[in-house]
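Structural overview
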Amino acid sequence: MWGYYVGLALRSSARSKALTALVIALLAFGVSACMVSYAVFRATTSDPIPSKSSRLYMPQIDNFGPSSSGGEPPNNLAYTDANALWQAGKANRQALVFPTTWELTPGDRTASSVSLGGDAVTADFFAMFDVPFRFGDGWTSTDDAQHGSVAVISHRLNDRLFGGGNSVGREIQLDGKIFRVSGVLEPWSPKPRFFDVATLGPLSAFDDVGDVYVPFTRAIDLKKATPYDYCPSYATDLGVTDWDKYLHSECVWINAWVELGTSADVQTYRDFLRNYADEQKRAGRFTWAPNGRLRNLTEAMTVLHVTPKASSLSMLVSASFLLIVLVNVVGLMLARFMRRAPEIGIRRALGASRGAIYRQFLIEGATMGCVGGIFGVALTLLGLWGANGLFEPKIARLVHVDASLVASTVLLAIAATVVSALYPTWRAAQTQPAWQIKVNG
Amino acid sequence: MALNRILTQLRPIVAALTRHKVATLLIVLQVALTLAAASNALFIVATRVVHLSRPTGTDEAHLFVIRNHWKNGQNATQIDANLRADIAALRRVPGVRNVFSSEAFPLEGGGAMVLGLKLKPEQTTRPKISLVYFADEHAIDTLGVSLVEGRNFRGEEIATLDRYDKVTPPGIIVTRSLAHKLYPEGSALGGTVYLPSGPTKIIGVLASLQGAYAGSTTRSIDEDSVLIPARSLDPDGVVYLVRTDGTSMTSVIDTALKALQERGGVRRIDPAQGVITLAQARDDGYATDRSVVLLMSVVCGLLLFATAGGIVGLSSFWVSQRRRQIGIRRSLGATRGDILRYFHIENFVIVSGGVALGGVLAFLANLCLMHVYELPGMPLYVPLWGALALWLLGQLAVWGPARYAAKVPPVVAIRNA
């Protein structure tokens, strides 16, 4: 039956070539525009760490107050609060993170020193974010407590400095200080770079991660701040006259993350955050009601506006494009099916039931959808190749084609055509056999 | 007269359309959706194009920037000496017109110091936020901005500023935009404003100069810049802004880097990102806008193609359905012109219906987008232009089928299909 109907569809397509070509071209364009946008959208909204994201939370504390924060607490924490949360240790694991730049002095004295990007982190960072190690391991909480001069380096830096060999225990010089390598990472670059994007800002969300990680406490000793801080006021003198005053100011610049296993843990941690803010209020530091947040990773990425606007906008525009194409296809299908009223009349007169007419035309719709989908895949591939010109390179290179994208392109095209063929098919099935035969008799 | 004839033809056309409600409705809907989507998309394109061509107020074609990081372990005195030596060396480079050092540069996308300015020390209303460039007496000439009121800094006014030093300049130079915000009536020149660390005087007003934050996102303070007479001794580093005589900068950049390299031990300049021309900074800063513009244009083109295709398809179907009626009209004396006109007017009527509905949809869509994407309200002329385009597109699309219809010979009326 299927084969017969597909055959009929092809034969009728051959009779009205222009109309068929138009429907297929429209479908292919509509579907591929959607799939190109979807591929980019999928890349920019992807979960950076699927195995863990449901357990990772970003605590926020409102240390600016309603007059500066406008009701929404800052995305980062001030050192005072970050340190307090970390010391309290109320979560299974907790990481403090801030991006830093280091000056690396090569062992070879004649070579000039270079800048290295990276992050200052606490010991839990590696286990919490499933960071893969090639050699060695992260450091321990003892190193954190002792402000240890240890470092974890990327495979890239390891290749450059140590020729890719096991460099655990070797030394590197950062800002003129000696650090012992405790681990070398496998290639690892979560997209988005979720763990410090609150400091770096959404424009850096899809940048590659840095090359060197050192203990948070040690970096603070070395007065490593980040230029991307955010202070509660630009108009009053904050009294920041030296590093120590800066460190204990209300300026925010530290990303905090906690790992919480169960929803009960989450509630307990929420209570802890509220109690902490209450305490600060009692101590006179805050003069406003606690206004903290505890967002999971997905919510945090939304609040931090990680997905570029161009990506969500293109999703919206191409979805409306597909809608318009579908309205179009309904009209064209109607034309196509109505033109065949005599044929339907004869089929009905020869004993075909309405159900048979429904099947015939829906299968015809699906066949055209399938062909449209195949062309759509080709156009999607072309579009993704062109995405390099449409999107920023660092976003375009995240976009990839896989089997699921190809399958969903074809499925979307078939579903879209079948849906738009519903009304024309119903009209076709209403054809009165006698009337058709009489008129054309 | 011609109008009268068209009007008398209108009634049968509308009457005929009511016999094809669904097909008519589909084209109306299609035109409406196209108008709503295309006018919003084109409006976004237009705002983005305006946005990404905003001038910085500087002589962009002749400016480049060197991001200079100081090597660790140098004290303020050493850094100051290096800074002076660097500037002197850069000024000696052939092809360099002028140089100054700052903490930020136009189109950088961030990095500038932000200061709130008050008119009274005890002011409780929100201070005016300004974006700072550290500057010296060469800054105005280097940037190529024009001083419209007051005077330039003098050499002796330039202070040195360590990272945590308070900013207490004797005088500042502001942009006209900022001056106007501070003093909506009257001149800002000579006025006293209060920085977080104390009072200062406005000694000059610039025509325009964008702050370092200007880029893909819009802020109301993009034009509110202030020049502070200071040399930053921040141990992290400074940026050197260099204005060249000619527009071909490659050789000047090479020579400038060589000149700095003579005392290379005190600094680090990233080989990849250490030097950037303002033209490059503009490309980088507005990358998002460019991708939105391209994307929207491509989709708009596809949309119009789809709509035109739909009209051609349905109109030819109608023509083929009405061959017999056309034949009867022709044998009753209708000319080819009459038939042609019939289809053109019919198309106009349908598209007009779509335009009316689409106009409403366009404004509704614009309202939603205003919330989500910080778009301004769409002026009326955008959907009007869109409507005009769709009317034209409709007439063009129906031209083929209408001509085909006009060719139907009268004999069809008496022949059996």
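Residues numbered from 1 in each chain as written. Chains lettered and ligands numbered in written order. Predicted model: local features only at pLDDT ≥ 70, side-chain atom pairs only at ≥ 80, totals over all residues.

1. Considerations on the overall build of chain B
Let me state the cut-off plainly: Strands here are runs of E lasting at least two residues and helices are runs of H or I lasting at least four, both read from the DSSP assignment and numbered beginning at the N terminus. Three exposure classes are used. Buried residues have 20 or more other C-beta atoms within 10 Å of their own C-beta, exposed residues have 12 or fewer, and partly exposed residues fall in between, all C-beta atoms being placed from the backbone. Throughout, a pair of residues is in contact if the C-beta atoms placed from their backbones lie within 7 Å.
Within chain B, the regular secondary structure consists of 11 helices and 13 strands. Dimensions of chain B, computed from the C-alpha atoms along their principal axes, are close to 105 × 50 × 35 Å. The proportion of buried residues among the 417 residues of chain B is 45%. Put simply, 84% of the contacts in chain B that link residues at least 6 apart link residues at least 24 apart.

2. Some remarks on the nonpolar core
Stated precisely, the cut-off is as follows: Among buried residues, those of type Ala, Val, Leu, Ile, Met, Phe, Trp, Tyr and Cys that are joined through C-beta atoms within 7 Å form a set called a nonpolar core.
Membership of the largest hydrophobic core comes to 170 residues, with the highest contact counts inside it found for L27(A) and A151(A). With 18 residues, the top contributor of residues to this core is helix α2 (residues 17-44) of chain A. Sequence-distant contacts of L27(A), defined by excluding residues within four places in its chain, comprise V325(A), V329(A), G369(A), G372(A), G376(A), A413(A), A416(A) and T417(A). Formed by 67 residues, the second largest nonpolar core is a distinct cluster that contains I87(B), A112(B), L131(B) and A139(B).

3. Quick word on the packing of helix α2 (residues 21-52) of chain B against helix α10 (residues 336-373) of chain B
Residues and elements named next belong to chain B. Basically, it comes down to this: Helix axes are fitted only over the stretch in contact, all axes being lines through C-alpha atoms; the angle between N-to-C directions runs from 0 to 180 degrees. When describing relative orientation, an angle under 35 degrees is termed roughly parallel and one over 145 degrees roughly antiparallel, while 65 to 115 degrees is termed roughly perpendicular and anything else oblique. The crossing is said to be left-handed when, going from far helix to near helix, the turn is anticlockwise and less than a right angle, and right-handed when the turn is clockwise. Under the scheme applied, nonpolar residues are Ala, Val, Leu, Ile, Met, Phe, Trp, Tyr, Cys and Pro; charged residues are Asp, Glu, Lys and Arg; polar residues are all the others, including Gly.
Direction vectors running N to C along α2 and α10 enclose 40 degrees, while the axes themselves pass 7 Å from each other. Viewed along their axes, α2 and α10 adopt a mutual orientation that is oblique. α10 is crossed by α2, and the crossing has right-handed handedness. In terms of residue class, the contact of α2 with α10 is made up of 15 nonpolar, 10 polar and no charged.

4. Comments concerning the domain arrangement of chain B
What counts, and what does not: An automatic or database domain assignment provides the domain bounds reported here.
What the domain assignment lists for chain B is domain 1 (2-53 + 288-413) and domain 2 (60-286). The distance between the C-alpha centroids of domain 1 of chain B and domain 2 of chain B comes to 54 Å.

5. Some remarks on the confidence of the model for chain B
Definition in use: A residue's pLDDT is the confidence the predictor assigns to it, expressed on a 0 to 100 scale.
Of all residues in chain B, 98% attain a pLDDT of 70 or more, and the chain-wide mean is 89. For this predicted complex, the interface confidence score (ipTM) comes to 0.80, while the overall pTM stands at 0.84.

6. Section: the interface of chain A and chain B
Taken residue by residue, the interface counts 47 residues in chain A and 47 residues in chain B. For the side of chain A that touches chain B, the secondary structure elements donating two or more residues are α2, β4 (114-121) and α13 (309-338) of chain A. Looking at the side of chain A that touches chain B, the element that brings in the most residues is α13(A), giving 18 residues. Looking at the side of chain A that touches chain B residue by residue, the classes come out as 27 nonpolar, 13 polar and seven charged.

7. Looking at helix α11 (residues 263-282) of chain A
Residue and element names in this part refer to chain A. As a reminder of what qualifies: Between the first and last residue of a helix there are one fewer steps than residues, each counted as 1.5 Å, and that sum is the expected span. For this quantity, the arc is that covered by the directions from the helix axis to the C-beta atoms.
An ideal rise of 1.5 Å per residue puts 28 Å on 20 residues; α11 measures up with 29 Å between its terminal C-alpha atoms. Burial in α11 covers these residues: Y269, L273 and A277. Viewed end-on, α11 has its buried residues packed into an arc of 75 degrees, placing them on one side of the element. With respect to the buried face of α11, the exposed residues turned more than 90 degrees away are A264, Q267, D271 and R282. Tucked inside the fold, the buried residues of α11 contact β1 (56-60), β10 (252-259) and β11 (293-296).

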